[in-house]
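Descriptive analysis of the structure
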Amino acid sequence: MKVFQLKTEQKIEKSQDELFSFFSDAYNLAEITPPWLHFQMLTPAPIDMKVGTLIDYRLKLRGIPIRWQSEITTWDPPHSFVDEQRRGPYRCWIHRHTFVPVPDGTLVRDEVDYAVLGGGLVQKLFVAPDIEKIFAYRTTKLKELLA
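Below you will find a few notes about this structure. All values derive from a computational prediction rather than experimental measurement. (Residues numbered from 1 in each chain as written. Predicted model: local features only at pLDDT ≥ 70, side-chain atom pairs only at ≥ 80, totals over all residues. Heavy atoms only, no water.)

The next subject is the pairing of strand E6 (residues 92–102). Each regular strand carries side chains that alternate between the two faces of the sheet. The pairing of strand E5 (residues 80–87) with E6 spans five bridges and is classified as antiparallel. Bridge pairing links Ser-80 to Thr-98 in E6. Taken together, E5 and the strand that follows it, E6, pair antiparallel across an intervening segment of four residues. Pairing between E6 and strand E7 (residues 105–115): 11 bridges, direction antiparallel. Of the residues in E7, the one forming a bridge with Ile-94 is Asp-113. Two successive antiparallel strands, E6 and E7, enclose a turn made up of two residues, where Asp-104 displays a positive phi of approximately 65°. (Pairing = 2+ DSSP bridges. Helix = DSSP H or I, 4+ residues; strand = E, 2+ residues; numbered from the N terminus.)

Moving on: the pattern of salt bridges. Using the criterion set out here, one finds 10 salt bridges in the structure. Arg-109 is the salt-bridge partner of Glu-9, the closest N and O atoms lying 2.5 Å from each other. Of this pair, Glu-9 sits in strand E1 (residues 4–12) while Arg-109 sits in strand E7, and the two are 100 residues apart along the sequence. The exposure class assigned to Arg-109 is partly exposed, which follows from its relative accessible area of 33%. We note a salt bridge from Glu-111 to Arg-96, for which the minimum N-O separation is 3.6 Å. A residue pair is termed long-range when its members are at least 10 positions apart, and Glu-111 in strand E7 and Arg-96 in strand E6 qualify at 15 residues. The class for Glu-111 is partly exposed, based on a relative accessible area of 27%. Here the salt bridges do not stand alone but share partners, grouping Glu-71, Glu-84 and Arg-86 into one network. (Salt bridge = Lys/Arg side-chain N within 4 Å of Asp/Glu carboxyl O. Buried < 20%, exposed > 50% of the residue type's maximum accessible area, 1.4 Å probe, protein only.)

Let's shift gears to the sheet that holds strand E4 (residues 64–76). Spatially, E1-E7-E6-E5-E4-E3-E2 is the arrangement adopted by the seven strands of the open sheet, whose pairing is antiparallel. Strands at the two margins of the open sheet, each flanked by one partner only, are E1 and strand E2 (40–41). Relative to E5, E4 runs antiparallel, the two being bridged by seven bridges. Within the sheet, the bridge partner assigned to Asp-76 lies in E5 and is Ser-80. Those strands touched by helix H2 (residues 119–146) are E1, E6 and E7, and its axis lies near 10° from that of E1. (Contact = heavy atoms within 4.5 Å. Axes fitted to C-alpha atoms, helices over the stretch in contact; angles between N-to-C directions.)

Shown next as structure tokens:
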């Protein structure tokens, strides 16, 4: 199974604690997900975030309805957490969220390791462009929400 990786980094002028708090509220995912994905949280609030927490949601990828379940596999407030797909469209999806204090703010780092059905060609033509658009939207939305 070929694993691909996406890395992003964004400086936000908020404290590490503030940003970890924002990202650790699973319902904020809806705020930073592009509207064209029709994202809907299925797990009822409040969600107690910790290792082993399962979060269910629904979205549409290229118009196809998808149910997705993530599990929190690492929980290290206020430094980092990891969610891994347990059910969803990818063969593998491991998303590391890291929050690093810097002068005048915090670096928010996302590192995603993922694998797709269909391998490199499907990755290059469909998956990579979609993921890049999703994370570009996320970057813009975080600036709006947390500026």
